[in-house]
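Observations on chain architecture
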Amino acid sequence: MSIRVGKTGNEAVAEAMRQINPDVVAAYPITPQTEIVQIFSSFVANGKVDTEFVTVESEHSAMSATVGAASAGARSMTATSANGLAFMWEIVYIAAGMRLPIVMPVVNRALSGPLNIHCDHSDTMGARDSGWIQLFSENAQEAYDNAVQAPRIAENPDVKLPVMVTMDGFIISHAMEVMEILEDEKVREFIGKYVPENPLLDVDNPVTLGPVDLQDWNFEHKRQQAEAMRNAKPVILDVASEYAKLTGRKYGLFEEYKLDDADIAIVVLGSTAGTAKVAVDQLRAKGVRAGMLKIRVFRPFPAEEIADALKHVKAVAVMDRSDSFNAVGGPVFVDVRSALYDVDNGPKIVNYIYGIGGRDVTPDHVKTAYADLAKIAETGQVENPLTYLGIRE
Amino acid sequence: MATLKELSNKEILISSGHRACAGCGFPIIIKQALLAAENPVVVACATGCMEVCTTIYPYTAWKVPFIHNAFENAASTLSGVEAAYKSLSRQGKLDKKIDFIAFGGDGGTYDIGFQALSGAMERGHNMLYICYDNQAYMNTGIQRSSATPRGANTTTSPAGTESYGKKQYRKDLSAVMVAHEIPYVAQASPSNWNDLVTKVKKALAVEGPAFMNIIQPCVLGWKYPSDQSIELAKLAVDTCFWPLYEVENGEYKLTYRPKEKKPVEDWLKRQGRFRHLFKPENAEILKEIQEDIDTRWSRLLAKCGEEA
């Protein structure tokens, strides 16, 4: 039986961390993630977890210590946002390259500069090619569910990759919602015992970790890493199906909302999916065949599956909550458009960049995108491939 | 005090066949430090000569568990390893006494890794951090560091018509570590092996963090014949450029006092990196370098309660 509770996103993720009961957490506070660190500290202070909590002096050291702990053979976690993730950058790549099954909640926040503490996806989008699995969450429930599933994905022997579980800063991290959590023993049973491979603390079988890896072997190791990311896709689905049996909540690589018979659709990540569902419902009530695709797993990128889900749609808008400053479009747009390249007579596709620096996005904003899509679907003509939504131009 | 006989019965935990230069000081430091350990040791190492010379995949020179993460984070990486050890021991998943040693060069310790080191020492992890101080960024080709002595010719503080080499005196990192009020801080030299081994033993025995700064002659960076490393380490000690002392719970103790304090020129003139200082126009700089050493030495003697 699940337990119904009222929790903010940060509280929900901290609760998941308590239930996972990692051997080591090394973390540094940063808005809007701070509460996760604070709440977890109180779990440590009150003996609710077995965790050794390392109060590092920076995010760079947070990820460094987490890499050390995971290499030692401990189930290890950290958490961050925005500039904190940027400060970790070098070691974020090393964690993936060393194939360490670290789980890291990231509370999405705009990356400086200028300084802004509110939600956009520029932080995790920048890390999209760092070799981490990325699970995006629409709400606190999904953030909790993703966090509980993450260790199973990360630690799978065919994967052995670190996982970021993201949620939108403030919009989700600080908003209270009614959600369901599992009993502690169910979570512990679900994630199972961690059996590390070649741990550093096995002093009778000494290993050298993180060696210099030159021209004769580096390429093979990078190739294995690429394969691990491919392997992650079926593993994520297997874990989700097992989790569905436990909770009744079904997760895939993405969620389709009224997409089956849609003529026009938007692709979106994170909390805006909830806003978009309202817009879809309002449009459907007027007879518009609008649909939505919400990406949950951004890395590995489910290109074939997305192409298959969108191939019947006449016009698609990809909503990016970050810009890639490539003078083309946002990162999600670039990947989705590439996925659709092999679809014969596929949909027209446009990009909306929205919500930067926490700019509010309402169902009306989303509906303007649908209105543009309806016109494109009717005429077959794209006037504006890229639109900045809800901005003073 | 360890005896040679005792030490000779112990296994050498760094193998031959590593790729350090002939005459390099750090393999000797590793050997001496690991000989001192009574328990199994786990080593973390910063990016630098030591790491790249000992771990070229698929080979390793280390007979103990070893982790390298990046340049600036040996201390924070080992913090995580030590935290894992505490956690797993507390949960009954591990039942063995293990010692933790981080190695970093002066680049990874004095400079880019300074924050991670300070954080780890402040948090009180049970670990020994050893800086193998060869006084410049040797791995990337002899660039100046904050450990480089004044007047040294490096590739980023070259001597030239308008330059006598590095302008600044070296940072006294050992003093900075003493200011962290950790249980044990020491300076050592591979030339005084017994002193070094004894200090590592003490450092590993304390509860909490310990820091050792060990001078490491570098054949390429200091520019001297490769059979003179230990002699140059000894001269650094005997000129009082590199005094051997320890600070145990705040108490200073001089662990070796040269019978006769030699002029610093005896050490400088043996090294190509200081050759330009012996030109007539740099005589004043030489004098200032000697005065600086004298000042620091008398300050240290006072702290150690030694007669001037």
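Residues numbered from 1 in each chain as written. Chains lettered and ligands numbered in written order. Predicted model: local features only at pLDDT ≥ 70, side-chain atom pairs only at ≥ 80, totals over all residues. Heavy atoms only, no water.

**Observations regarding the overall build of chain B**
Within chain B one finds twelve helices and ten strands. Expected size for 308 residues packed as a compact globule is a radius of gyration near 19 Å; at 19 Å, chain B falls within 12% of this value. Projected onto its principal axes, the C-alpha positions of chain B cover 70 × 45 × 40 Å. A total of 308 residues make up chain B; the buried ones form 60% of that total. By sequence separation, contacts in chain B at least 24 residues apart represent 69% of the contacts at least 6 residues apart. (Helix = DSSP H or I, 4+ residues; strand = E, 2+ residues; numbered from the N terminus. Rg over C-alpha atoms; globule rule 2.2 N^0.38 Å. Buried < 20%, exposed > 50% of the residue type's maximum accessible area, 1.4 Å probe, protein only. Contact = heavy atoms within 4.5 Å.)

**Considerations on the overall build of chain A**
A count of helical and extended segments in chain A gives twelve helices and 16 strands. Relative to a compact globule of 393 residues, whose C-alpha radius of gyration would be 21 Å, chain A shows 21 Å and is just as compact. Here the contacts in chain A between residues at least 6 apart in sequence split such that 80% fall between residues at least 24 apart. As presented, chain A carries roughly 15,400 Å² of accessible surface, and 51% of it is formed by carbon and sulfur atoms. Computed over 37 positive and 53 negative side-chain charges, the inter-centroid distance for chain A is 5 Å. (Areas by Shrake-Rupley, 256 points an atom, 1.4 Å probe, with all protein chains shown as cover. Lys, Arg positive; Asp, Glu negative; His and termini not counted. Charge placed at Lys NZ, Arg CZ, Asp CG, Glu CD.)

**Brief notes about the domain arrangement of chain A**
All names here are of chain A. Each assigned domain of chain A is listed here: domain 1 (3–247) and domain 2 (254–388). Once you take the C-alpha centre of each, domain 1 and domain 2 turn out to be 28 Å apart. Counting the contacts that link domain 1 with domain 2 gives five salt bridges. With a closest N to O distance of 2.5 Å, Glu 142 and Lys 294 form a salt bridge. Inspection of the domain 1/domain 2 interface yields 17 residue pairs in polar contact (both at pLDDT 80 or more). Elements represented by at least two residues in the side of domain 1 that touches domain 2 include exactly helix H5 (122–126), strand E6 (133–136), helix H6 (140–155) and helix H8 (218–247). Top contributing element to the side of domain 1 that touches domain 2 by residue count: H8, with five residues. Taken together, the residues of the side of domain 1 that touches domain 2 break down into 13 nonpolar, eight polar and seven charged. (Domains from an automatic or database assignment. Salt bridge = Lys/Arg side-chain N within 4 Å of Asp/Glu carboxyl O. Polar contact = N/O pair within 3.5 Å; in protein donor to acceptor, adjacent residues only side chain to side chain. Nonpolar A, V, L, I, M, F, W, Y, C, P; charged D, E, K, R; others polar.)

**Things to note about the pattern of salt bridges**
Throughout the structure, instances matching the rule amount to 44 salt bridges over all chains. Where Glu383(A) meets Lys375(A), a salt bridge forms, and the shortest distance between an N and an O atom there is 3.7 Å. The salt bridge partner of Arg296(B) is Asp292(B), with a shortest N-O separation of 3.0 Å. Here Asp292(B) and Arg296(B) lie together in helix H12 (residues 283–303), a separation of four residues that amounts to about one turn. The exposure class assigned to Arg296(B) is partly exposed, which follows from its relative accessible area of 27%. Connected via shared salt-bridge partners are Glu138(A), Glu142(A), Glu255(A), Lys277(A) and Lys294(A).

**Some points on the sheet that holds strand E10 (residues 251–256) of chain B**
A sheet is described by the order of its strands in space; here nine strands give the open sequence E9(A)-E2(B)-E1(B)-E3(B)-E4(B)-E8(B)-E7(B)-E9(B)-E10(B), paired in mixed fashion. Either end of the sheet is taken by a strand with one partner, and the two such strands are strand E9 (208–209) of chain A together with E10 of chain B. As paired strands, strand E9 (residues 244–248) of chain B and E10(B) are joined by five bridges and run antiparallel to one another. What sits directly across from Glu248(B), in E10(B), is Glu251(B). (Pairing = 2+ DSSP bridges.)

**Description of the pairing of strand E12 (residues 290–295) of chain A**
Sheet faces and side chains relate simply in a regular strand, where the side chains alternate between the two faces. Residue and element names in this part refer to chain A. In terms of burial, E12 is a largely internal element, six of the six residues being buried. Of the two faces of E12, both are covered, the one formed by Ala 290, Met 292 and Lys 294 as well as the one formed by Gly 291, Leu 293 and Ile 295. Bridging between strand E10 (residues 254–257) and E12 involves four bridges; their strand directions are antiparallel. Bridging from a neighbouring strand, Tyr 257 pairs with Met 292 of E12. Where strand E11 (residues 264–268) meets E12, five bridges bridge the pair, whose relative direction is parallel. By the bridge assignment for E12, Ile 264 is matched with Ala 290. Following the backbone out of E11, through helix H9 (residues 272–285) and into the adjacent parallel E12, one traces a crossover that is right-handed. (Right-handed = clockwise from strand over helix to strand, strands pointing away.)

**Regarding the side chain of Thr80(A)**
Relative to the helices and strands, Thr80(A) is located in the loop between strand E4 (76–77) and helix H4 (82–97). With residues near it in sequence (within four places) discarded, Thr80(A) still touches Ile30(A), Gln33(A), Glu59(A), Leu85(A), Met88(A), Met104(A), Pro105(A), Val106(A) and Val107(A).

**Re the interface of chain B and chain A**
Taken together, the contact between chain B and chain A spans 42 residues of the former and 43 residues of the latter. Interface area, chain B with chain A, both sides summed: about 3,100 Å², of which 61% is carbon and sulfur. Broken down residue by residue, the surface that chain B buries against chain A is led by Tyr57(B), Asn69(B) and Arg123(B), which jointly contribute 18%. Counting across the chain B and chain A interface gives four salt bridges. Between Arg90(B) and Glu52(A) there is a salt bridge whose closest N-O contact spans 2.7 Å. Taken together, chain B and chain A are joined by 19 residue pairs in polar contact (both at pLDDT 80 or more). No other element matches the eleven residues that helix H4 (residues 74–90) of chain B contributes to the side of chain B that touches chain A. Residues of the side of chain B that touches chain A, tallied by class, amount to 21 nonpolar, 13 polar and eight charged. The pairing of E9(A) with strand E2 (residues 66–68) of chain B spans two bridges and is parallel. From the neighbouring strand, Thr208(A) faces E2(B), where its bridge partner is Phe66(B). (Buried area = accessible area lost by both parts, 1.4 Å probe.)

**Quick word on the nonpolar core**
Formed by 139 residues in total, the largest nonpolar core has its most connected members in Met63(A), Leu201(A), Trp62(B), Phe103(B) and Trp267(B). Considering every element that reaches this core, the biggest residue donor is H4(B), with eight residues. Listed in part, the 78 residues of the second largest apolar core include Phe53(A), Met125(A), Met167(A) and Val187(A). (Core = buried A, V, L, I, M, F, W, Y, C linked by side-chain atoms within 4.5 Å.)

**Concerning unusual backbone geometry**
Pro300(A) follows Arg299(A) through a cis peptide bond whose omega is 0°. Tracing the sequence through the fold places Pro300(A) in the loop between strand E13 (297–299) and helix H10 (303–310). In this structure, Pro58(B) follows Tyr57(B) across a cis peptide bond, with omega equal to 5°. For Pro58(B), the location among the structural elements is in the loop between helix H3 (49–54) and E2. A positive phi is found at Lys160(A), a non-glycine position, where the angle reads about 45°. On the secondary structure map, Lys160(A) appears in the loop between H6 and strand E7 (163–168). For Lys160(A), a relative accessible area of 19% corresponds to the buried category. Phi is positive for Ala327(A), close to 65°, though the residue is something other than glycine. Position of Ala327(A) among the secondary structure elements: in the loop between strand E14 (315–320) and helix H11 (331–339).

**A look at the state of the cysteines**
Counted according to the given criterion, the structure contains zero disulfides over all chains. Lacking any disulfide linkage, Cys45(B) is separated from the closest cysteine sulfur, that of Cys53(B), by 10 Å. (Disulfide = S-S within 2.5 Å.)

**Quick word on the side chain of Glu155(A)**
One can find Glu155(A) in helix H6. Excluding anything up to four places from it in sequence, Glu155(A) contacts Arg75(A), Pro101(A) and Tyr194(A).

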